[in-house]
Amino acid sequence: MAKASLKELQFRQKLTGTTPDLLKKLKDLQAELKDLEQESVDTKSFSSVTKQLIDSSIVNHKDKGVRIYAACCIADMLRLYAPDAPYSNTQLKVIFGLFVSELRHISNATGTHFSMYYYLLESLSVVKSIVLITDLKNADEIMTDLFRNVFDDIRPQQAKNVQICMSELLQHIIDESSQLPQEIVDIILAQFLHKHKFDNPAAYRLACDLGNNCAEKLQRYVFQYFSDIISTAGNGELSHKELEDFKTVHKLVIELNKSTPALLLNVIPQLEEELKLSDVTIRTLATKSLGVMFSEKTSQLATQYESTWKAWLQRRNDKIPQVRIAWIESLVDLIKSHASLSKELSEGLSEKIVDPDEKVRAVACKTVGEFDYETSLHHIQKNTLIQVGHRCRDKKKSVSKEAITTLSALYSQAYPEIENGTKASISHFGWMASAILHAVYVNDNEIFSFVDHAIYTTVFPPHGDAASRTQRIVTTFGALDDKGRTGFLSVLRRSVDARAHMTALLKLLESQEKSKESGGAEEFEKKLGSIVKIISDRLPDPVKSSLLLYKYANMHDSTFLQLISDCMDSRRSLKEIRKAAKDTISRIENVSPSTLEIFSVLIQRISLTLVNSEVISELINNIASSDEHRQISGELLRSISPIFPAIFIDHLAEITALLRDSTFVGATDALQTLAGFAKQFPKSVPADGKAKETLRKLLTLGTVAQATDATIVLTSIANNDAMCRDIADKCSEQLDVSSPSLLKNLAILSQITLYSPHVFESISGDVVAFIMKELLLTNTSEQETRYDAAEDWVEKSELDQYSLSKLMGLKVLVNRAIVLLESDPEAALSAVRPVFQLLWTLINQEGEVVAENNTNAVMKSHLRLNAARFVVKLTRGRPAYEKMVGVSDYGRLALVIQDPVYRVRHGLASRIMKYLRAKELHIRYLAVLMLVAHEPEADWKSQVQKFLTLQSKSQAIDSNLMLNELTLARTLHLLSNHPDFVIKAVDVDDDDIFGGAQPTHSVQDLNLAAKYVEFYLDTMANSENISLIFYVASLMKTVRFSSPQDNTHNLYVLSDLAQYLIQERSRSHGWTLTSHPGQVKLPRELFSSLAQNEMSVEITKKIYLPALWVQAREHKTERKPKTPIERKMGQATKRRSRSPSPHEVEDMEDVIGEKGVSPPSRVKRPKKAKAVERVVEEPTRRMANRAAKAKATVYKDAESSDEESEEMESDQDSS
């Protein structure tokens, strides 16, 4: 078949004329050209038109229509002539210049010639004639303009086919270009920047398409782009502009990684090199950038670039905290997106939680809190969370705040699952509330505010109905450990204290006008200053808080006073309290914004959002009807009833009703709760006939604890004296050393003594005579043989009934003395003398008062401890009894602190600290605690030392009293009469002022004494009072003991020793010793001034420190040998690690409350103490001789001391 003939162009007209004529001709030409096919056309017939179309009169015509139709005709010519264009290089540059300029109009979809613009675009992209531009010489500018125009003109609202053509057009150029201009690369990459990305999403998508479809061609250009910038950065310090550019580049890398990661094939290794540069800014940026890139959900960088991943992981140990922080901040998204990497990353995060730098630790703790519940549960190791828990007590407040905030947030997220009993959630998160509450032992006002905020807002959020809130409190409280529960109760006590102080402030402010009118302005200001100080001392930054409180107090804002009162109203519902708190905050913000921060803390504490009347009702309902939550609800109710007694008043009838049925399981909880309430509000328990019957039955059928509580409740029922008298008479009649109910009868009588003293006095003669003449002076055969001869301590719960009865008998005697002092002081003084005599006998004879000397070592230890504690208890806040403790008695009591049995010395010291903290004990007992200097139990010694340090800080506020400094005088007096500090005569010819051979002390004696003085300086001395302390020490050589029979020589030796150690401490700490300008009044009961004569001058001038000791002190190189006291107080305890019991911990917590230090953490289950073989030592001291009589004991898995908790109850009873 013959080949078809080629078609020729039919258009023969000249492309000239007016604009309309020319436009018509071009339209006709274009219409004919677009229908022609390349294979069927004779291109020779195009020669005339081809030349005319590129004439400058057409290409540069002013009419848009002429230009676009001419451009379309030329595009068709290129299509028909392909692959050889009928134009020269110069002509093609003109043509493509025309194309580029005309394509600018493609953005106007409603324009007259839009279809022709699209025709041109489609022709260039489909036919690929655009690639001719890549062969042109010097055409970079045209290509750059084309790329710039396309990215400028593309819009999201444009038709998809238009956007596709644009993308294909640029792709053709990239694919066919042997060398792209750098400006084109810049234009493409610029689309990934944040501003461009959101200003023109279509341009961003176009850049993504180019990056993904032309990755191989663009990789080297992108690499070169970043390489130039990075290499510049690595050559030296960056200017501000260079730094900003450098940051922009890293942002660009991150965006490229999200959308076109293939472009970064050679860039990632460059970032790895940045991690190793010395410039901190570059390393930080690289760490942040790679962290974000690794975090992309679809990213495989960690596996594709293993060396980069390892290098990035190493930045967690970078020497600069800023870099470590950048590493940490990347972990949240990274762990969420790539669970497979969580183990390695979680371990790294755990390391940073204990980083040396506080900022790193704070960021690490904060980062943990940014994980959601599921991620924390499955991908964050529990050990990491535990480390955050430890940071709640960090020394740096910023770290503590973040740790507490993090744990509270995580706990709140996990609580629904914890409530449902999900084991994994309970194990992973259930302990967090305890960890938060442990922070109260740091004893810092700012930490208290962090804990309070977490408890009130996150752990127990103030929303939901009463039932759900109570359930949350019960569930959380039930999971708290012992320290956590103590911490929780301390939060509640802090709330009660804040409410009491705020109530006092409000009453004072309400009386302000009356005070001014009556001329009491000065007295008002004095009271205001006192209350403001009390409140501000319990807030963060007391100085600032005080100023702000004064500022608001002077504003006379009556609305504020009413709103504050509403926040503290115990009878309001939670909704009303929350509204009042919110209105109070708004009021303060409007009136005095500067005080908002301080009042926010206060309002949070005083508002009854955690425990209120609604919660109490729900707890009572739980006890009555919920088998599952009865126990915890009862325990919680018992715990908070003494703290919020005012709230319980409205619920007494409900609680009492629970006692009607003696067989009811929850009756015990109700009984303990009522007893706790009755201790604070005697004669306030409502009378209920059936409940009284149940209580009477418990006296005979219940346990000792139940009988005790029942007695307290019965004595607190109004008009119930007849029943109480009947009970007392029966108990008194049944007192017999062989009676099985002896302990219970004495327990009942001990409570009647306190709460119905007039009833007890009618039988007091018989009871006291029985206790002092029969009970305490006899031992049963069972008691003698019950314990192993090597044992010197068992827990109170393991004591036999008769031994417990003896301790209870002592308690009856002491309770009677306490109550009598209030009702009949003269009778009290007569009654207490034989009691004191008995207690001193027990202390002096190491717990033995039986004539046969057959009391076992265990009982003697308990009697010794209780006697010492009862002496302290009798003098607690009772000056009349305090005066009855003479100087020699005080010294004997002090030696109990160094008892051979750890639990005895611990029990006495903890009780002294508790009373001192409450300011209920004479300040002289601080000196007793200084004898702990030789305590072999390091943990216990540390707690006492921290307590003394806190006491010294609180007493330093009133510097005029010189309490800290006078404690040194009392300590030196104690040491002067200490049995270990003995004088030894030496062979010298000269007689001293004492008229005999010159006495001296051995180096070992002085080293022993030096440790006490150093312990004092550790706890009481600072740069501000060191000069006064030195002055007090020097004053000791201007006085003598008030007691004429006491040899004062020891005091002068200790005076020189103290002065030497004070000077030594001053030199080591850089403190300056200056002369004290004022007078110091020493305790008159201890010291008397020396007469001004030659002897006093000689004493002042004489150096009592042996030169041998001074030389040894100055040239000491060997380790100090163990002192006799260290050997005495437990050779066995020095050979093993023992764990204080739970009650030791509780006792310490009672001492320090919310303002204390953390007690020992190692607590084990109780076991009976076992004896160990003692190492035979040669005693060299009188005190060591006493110690040799006792047996050192290993207290493995020691339990709590029950007598401590009983004593605490007794303290509450008598307070």
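Computed from a predicted model, the values in this text were never measured in an experiment.

Enquirer: Explanation requested: the overall build of the protein in the structure shown.
Expert: Helix and strand content of the protein: 66 helices and six strands. Put simply, the protein has 1215 residues, and 56% of those count as buried. Summarising the internal contacts of the protein: among those between residues at least 6 apart in sequence, 75% fall at separations of at least 24. Total accessible area on the protein stands at roughly 52600 Å², and carbon and sulfur atoms take up 50% of it.

Enquirer: What is the right way to look at unusual backbone geometry in this model?
Expert: Leave glycine aside and you will find that most residues have negative phi; peptide bonds, for their part, are mostly trans. Residue Pro-83 is reached from Ala-82 by a cis peptide bond, and omega for that bond is 10°. The backbone of Asp-541 sits at a positive phi, close to 55°, despite the residue not being glycine. Within the secondary structure, Asp-541 sits in the loop between α31 (521–536) and α32 (542–553). By relative accessible area, Asp-541 is classed as partly exposed at 44%. Unlike most non-glycine residues, Asn-853 shows phi in positive territory, near 55°. By the secondary structure assignment, Asn-853 is in the loop between α49 (825–844) and α50 (857–875).

Enquirer: Help me understand the nonpolar core, please; the structure alone is not making it clear to me.
Expert: In summary, soluble globular proteins display a tendency toward joint burial of nonpolar side chains. With 346 residues, the main nonpolar core has Trp-312 and Phe-488 as its most contacted residues. Residues contacting Trp-312, with those up to four places away along its chain left out, are Leu-275, Thr-287, Leu-290, Gly-291, Phe-294, Trp-327, Ser-330, Leu-331, Leu-334 and Leu-345. Counting residues in hydrophobic clusters, the runner-up holds 30 residues, among them Met-502, Leu-505, Ile-531 and Ile-535.

Enquirer: I tried to follow the side chain of Ser-1066 on my own but got confused; where do I start?
Expert: By the secondary structure assignment, Ser-1066 is in helix α59 (residues 1049–1069). When residues no more than four places from it in sequence are discounted, the contact partners of Ser-1066 are Ile-1026, Trp-1071 and Leu-1073.

Enquirer: In this structure, what is going on with the UniProt feature "coiled-coil region" (unreviewed entry) in the protein? I would like to understand it.
Expert: Mapped onto this numbering, the UniProt entry gives "coiled-coil region" (unreviewed entry) at residues 19–46. Span residues 19–46 is 57% helix and 0% strand, its end C-alpha atoms 22 Å apart.

Enquirer: Could you clarify how one ought to interpret the packing of aromatic side chains in this entry?
Expert: The description of two aromatic rings rests on the distance between their centres and on the angle between their planes. Considering all chains together, one arrives at 18 aromatic pairs under this definition. Each residue in the set Phe-294, Trp-309, Trp-312 and Trp-327 is aromatic and connected to the rest through ring pairs, giving one cluster. Just above the ring of Tyr-415 sits the side chain of Arg-472; from NZ or CZ to the centre is 4.3 Å. The ring centre of Phe-448 lies 4.3 Å from the NZ or CZ of Arg-494, which sits over that ring.

Enquirer: Teacher, can you tell me more about helix α1 (residues 19–34) here?
Expert: With 16 residues, α1 extends 22 Å from end C-alpha to end C-alpha; this agrees with the ideal 22 Å at 1.5 Å per step. When we look at burial in α1, the residues that qualify are Leu-22, Leu-23, Lys-25, Leu-26, Leu-29, Gln-30, Glu-32 and Leu-33. Looking at the packing, one finds that the buried side of α1 touches α2 (47–53), α3 (56–59), α4 (64–81) and α6 (114–126).

Parameters at a glance
- Just so you know, the residues in each chain are numbered from 1, in the order the chain's sequence is written.
- Thresholds applied to this predicted model are a pLDDT of at least 70 for local features of residues and 80 or more for the giving and counting of side-chain atom pairs; totals over whole chains, interfaces and linings are not thresholded and use all residues.
- Heavy atoms throughout the structure, all of them, feed into the side-chain values; hydrogens and water do not.
- Secondary structure is summarised from DSSP: a helix means a run of H or I of at least four residues, a strand means a run of E of at least two, and numbering begins at the N terminus for each.
- Summary of the burial criterion: residues with accessible area below 20% of their type's maximum are buried, those above 50% are exposed, and those between are partly exposed, where the area comes from a 1.4 Å probe applied to protein chains only.
- What makes two residues a contact is simply this: any of their non-hydrogen atoms within 4.5 Å.
- The protein chains shown are the only cover counted for residues, whose accessible areas, like all others here, come from Shrake-Rupley with a 1.4 Å probe.
- Among the buried residues, those of types Ala, Val, Leu, Ile, Met, Phe, Trp, Tyr and Cys that are joined through side-chain atoms within 4.5 Å form a nonpolar core.
- UniProt positions are given in the numbering used here, feature names are shortened, and annotations may be inferred rather than shown by experiment.
- Centre distance within 6.5 Å is the pairing criterion for rings of Phe, Tyr and Trp, where only the six-membered ring of Trp is used; planes under 30 degrees apart are then read as stacked, over 60 as edge-to-face, and the remainder as tilted.
- Lysine and arginine charges are scored as sitting over a ring when NZ or CZ, respectively, is within 6 Å of the ring centre and within 35 degrees of the ring normal.
- Between the first and last residue of a helix there are one fewer steps than residues, each counted as 1.5 Å, and that sum is the expected span.

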